[in-house]
Amino acid sequence: MRASKGDHLVQHGRVVGQHDQESEVVEVLGEKGEPPYRVRFQDGHEAILSPGPDCQVQHIQRKSEQQR
């Protein structure tokens, strides 16, 4: 898994009734986009996260890619 600053991590709920949890990557602590990541959740708190198999990265579209 690789992410960049500004990407979103979506952690899928593991049990019935548990909602997905989305956070924004504010800092990449690993090498070359690898975990762990410092993330900010929608309620404003921050945490260090090493995503598991129940997470997916939603990459943001970079400005340079939009200009192409």
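None of the values given here were measured: they were computed from a predicted structure.

Conventions adopted
Counting restarts for each chain: residues are numbered from 1 in the order of the written sequence. With pLDDT at 70 or above as the cut-off, local features in this predicted model cover only qualifying residues; side-chain atom pairs require 80 or more to be listed or tallied, and sums for whole chains, interfaces and linings still use all residues. In computing side-chain properties, one takes all heavy atoms of the structure into account and sets aside hydrogens as well as water. The helix and strand labels rest on DSSP assignments: H or I over at least four residues marks a helix, E over at least two residues marks a strand, and numbering proceeds from the N terminus. Relative accessibility thresholds used throughout: buried, under 20% of the residue-type maximum; exposed, over 50%; partly exposed, between the two (1.4 Å probe, protein chains only). In what follows, a contact means two residues having at least one pair of non-hydrogen atoms within 4.5 Å. For accessible areas, the Shrake-Rupley method is used with a probe of radius 1.4 Å. Any residue's cover is judged against the shown protein chains and nothing else. Two strands are said to pair when DSSP picks up at least two bridges between them. By definition here, a salt bridge exists when the distance from a side-chain nitrogen of Lys or Arg to a carboxyl oxygen of Asp or Glu is within 4 Å. Nitrogen and oxygen atoms within 3.5 Å of one another constitute a polar contact, given that in protein one can donate a hydrogen and the other can accept it, and given that sequence-neighbouring residues count only through two side-chain atoms.

J.: An account of the overall build of the protein is requested, with residue identities and associated values reported.
T.: The helix and strand inventory of the protein stands at one helix and five strands. Reading the protein from its N end, one meets helices and strands in the order β-β-β-β-β-α. Here the protein holds 68 residues, and the buried ones make up 25% of them. Sequence-distant contacts in the protein: of pairs separated by 6 or more residues, those separated by 24 or more amount to 41%. Summed over all atoms, the accessible surface of the protein reaches about 5,000 Å², with 45% contributed by carbon and sulfur.

J.: Please provide a residue-by-residue account of the pairing of strand β5 (residues 55–58), values included.
T.: Walk down a regular strand and you will see the side chains alternate between the two sheet faces. Side chains of β5 alternate between two faces, with Cys-55 and Val-57 buried and Gln-56 and Gln-58 left unburied. Where strand β1 (residues 8–11) and β5 come together, four bridges link them in antiparallel fashion. When the bridges of β5 are listed, Val-10 appears paired with Gln-56.

J.: Account for the pattern of salt bridges, with residues named and values stated.
T.: With the rule as written, the count across this model stands at three salt bridges. Where Arg-38 meets Glu-27, a salt bridge forms, and the shortest distance between an N and an O atom there is 3.0 Å. Highlighted residues: Arg-38 in strand β3 (residues 37–41) and Glu-27 in strand β2 (residues 21–28), separated in sequence by 11 residues. The salt bridge partner of Glu-46 is Arg-40, with a shortest N-O separation of 2.8 Å.

J.: Mind laying out the side chain of Asp-7, listing which residues take part and the relevant values?
T.: If you trace the backbone, Asp-7 turns up in the segment before β1. A distance of 2.8 Å separates the side chain of Asp-7 from the backbone nitrogen of Ser-4, its partner in a polar contact.

These values are about where atoms sit, not about what they do.
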